[in-house]
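# Notes for the structure review
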Amino acid sequence: MAARRKPPAAPRSGTRGPLSKEQIDRYSRHLLLPEVGLAGQRKLLDAKVLLVGAGGLGAPAALYLAAAGVGTLGIVDFDVVDRSNLQRQVLYSEADVGRPKVEVAAGRLEGLNPDVTVVQHPVHLERENARDILGRYDLVLDGTDNFATRYLVNDAAVLLGRPNVQASIYRFEGQASVFDARRGPCYRCLFPEPPPAELVPNCATAGVLGVLPGLLGTIQATEAIKLILGIGEPLIGRLLLIDALSLRSRELSLEKNPECVLCGPNATQKDLIDYPAFCGETADSEPAEVPEITPEELAPLLAGSKPPFLLDVREQGEWEIVHLDRARLIPGRELAARVREIPDGREVVVYCKLGGRSAAATRLLLDLGRRRVRSLKGGITAWAERVDPSMPTY
């Protein structure tokens with residue numbers, strides 16, 4: 001963990017003294033609100049909020065929390081800025097590509113408001129460090145995109161007694177809620193068990209409207225500020241659903257589950273668990289053990305007189321962005337029903353973006369009796385990096 005500490009223009013006052021002239025100028029529109037005022041602004045300056053993820057949701061949430069004067073912002077993210085992030089992750093610019101997200105975010109947020117201290121956590125959040133990291137903050141904003149980390153954040157928040165402001169997005173739809181087991185349900189009350197890993201889509205393969213995470217991330221920031229100030233009606237026991245295409249929203253009422261293994265009266269889970277195993281996750285970049293071929297091995301075969309049959313198991317939108325010449329597109333979810341389209345007796349090389357989906361498709365074909373089938377190791381991304389650098393990636 002590293003901390004970036006830039007001396008503020010004036011000492012952060014919080015409950016330790018009056019606001020400076022510069023702070024009164026900065027927060028004047030807050031001070032005019034009876035629900036905030038001087039006492040509320042001091043609460044914001046004294047607050048410590050953790051953002052898990054500095055991506056599509058975390059970026060706008062962080063900007064508004066920093067602008068509002070939340071005094072300490074912790075950011076957990078191990079990733080670097082990728083060009084594909086720039087369509088929605090508004091903390092970053094073209095010049096930041098390749099730099100650690102937490103480092104870029106810290107500089108941007110502290111430049112936005114010198115009252116704010118950003119604590120960098122450039123690590124994977126895991127059960128070994130989650131209690132320690134979350135325990136340093138008053139509340140957590142979960143902006144992650146996988147079920148294993150969502151369950152981890154929820155469970156750590158429940159065990160530590162911290163509110164968890166959670167949101168998720170998919171294509172044109174988003175949802176948000178506040179899970180606080182002391183006052184309402186937790187995430188496990190709504191989803192006792194994760195869906196099968198093979199049915200879980202993500203933005204990297206399904207896409208997302210760029211402005212949607214901005215909308216949901218701003219809702220998360222709003223809920224965090226309400227919790228800090230103790231005003232309004234937080235989304236505790238309520239799930240807000242938003243459809244950006246129709247710009248309609250609806251709300252579901254959530255009840256605490258008396259059978260919840262974590263926060264119910266007869267809870268059986270007393271500690272953090274193995275979350276990747278619980279969610280049955282196999283990362284797209286960590287394919288199952290199947291016969292593989294590297295891009296360097298495939299390239300001369302494609303140039304030979306008897307090239308293998310190339311099978312692309314991605315989605316149509318991914319195919320339209322980039323694909324290998326002479327490949328056949330059969331999305332993985334359609335493969336079992338369309339297996340007759342794959343020539344029998346000819347070697348088949350299956351590829352996807354990174355190798356996970358092609359490994360699953362290769363396993364399916366082997367189980368169906370095909371024998372000369374291999375998965376392209378690293379997917380089309382590895383091909384672009386190591387064989388054809390002119391090919392776009394996404």
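Structure first, text after, so check above.
Residues numbered from 1 in each chain as written. Predicted model: local features only at pLDDT ≥ 70, side-chain atom pairs only at ≥ 80, totals over all residues. Heavy atoms only, no water.

### As for the overall build of the protein
Assigned secondary structure in the protein consists of 15 helices and 14 strands. Its C-alpha atoms give the protein a radius of gyration of 24 Å, within 12% of the compact-globule value 21 Å for 394 residues. Counting over 394 residues, the protein shows a buried share of 50%. Of all intrachain contacts in the protein linking residues separated by at least 6 positions in sequence, the fraction that spans at least 24 positions is 69%. Element-wise, carbon and sulfur atoms account for 52% of the exposed surface of the protein, whose accessible area totals about 18,800 Å². Seen as two clouds, the 48 positive and the 50 negative side-chain charges of the protein have centres 2 Å apart. (Helix = DSSP H or I, 4+ residues; strand = E, 2+ residues; numbered from the N terminus. Rg over C-alpha atoms; globule rule 2.2 N^0.38 Å. Buried < 20%, exposed > 50% of the residue type's maximum accessible area, 1.4 Å probe, protein only. Contact = heavy atoms within 4.5 Å. Areas by Shrake-Rupley, 256 points an atom, 1.4 Å probe, with all protein chains shown as cover. Lys, Arg positive; Asp, Glu negative; His and termini not counted. Charge placed at Lys NZ, Arg CZ, Asp CG, Glu CD.)

### Structural notes on the sheet that holds strand β11 (residues 309-312)
What holds strands together in a sheet is hydrogen bonding between their backbones, with the strands either parallel or antiparallel. One open sheet accounts for five strands, arranged β10-β14-β13-β11-β12; its pairing is parallel. Edge strands, defined here as strands with exactly one partner in the open sheet, are β10 (292-293) and β12 (327-329). As paired elements, β10 and strand β14 (residues 373-376) share two bridges and run parallel to each other. Counterpart to I293 in the pairing with β14 is L376. (Pairing = 2+ DSSP bridges.)

### A closer look at the pattern of salt bridges
Evaluated as defined, the whole model comprises 22 salt bridges. The partner of D79 in a salt bridge is K101, with the nearest N and O atoms 4.0 Å apart. Here D79 is found in the loop between β3 (72-76) and α5 (101-112), whereas its partner K101 is found in helix α5, with 22 residues between them in sequence. The residue R127 makes a salt bridge to E128 at a minimum N-O spacing of 3.7 Å. Here the residues in one salt-bridge network are E315, R328, R333, E334, R338 and E341, joined through shared partners. (Salt bridge = Lys/Arg side-chain N within 4 Å of Asp/Glu carboxyl O.)

### Notes on the state of the cysteines
Here the structure, examined in full by the defined rule, presents zero disulfides. In this structure C260 is a free cysteine whose sulfur lies 3.7 Å from that of C263, the closest cysteine sulfur available. Of the residues examined, C260 reaches a relative accessible area of 4% and is grouped as buried. Of the cysteine sulfurs around C279, a residue in no disulfide, the closest is that of C186, at 14 Å. (Disulfide = S-S within 2.5 Å.)

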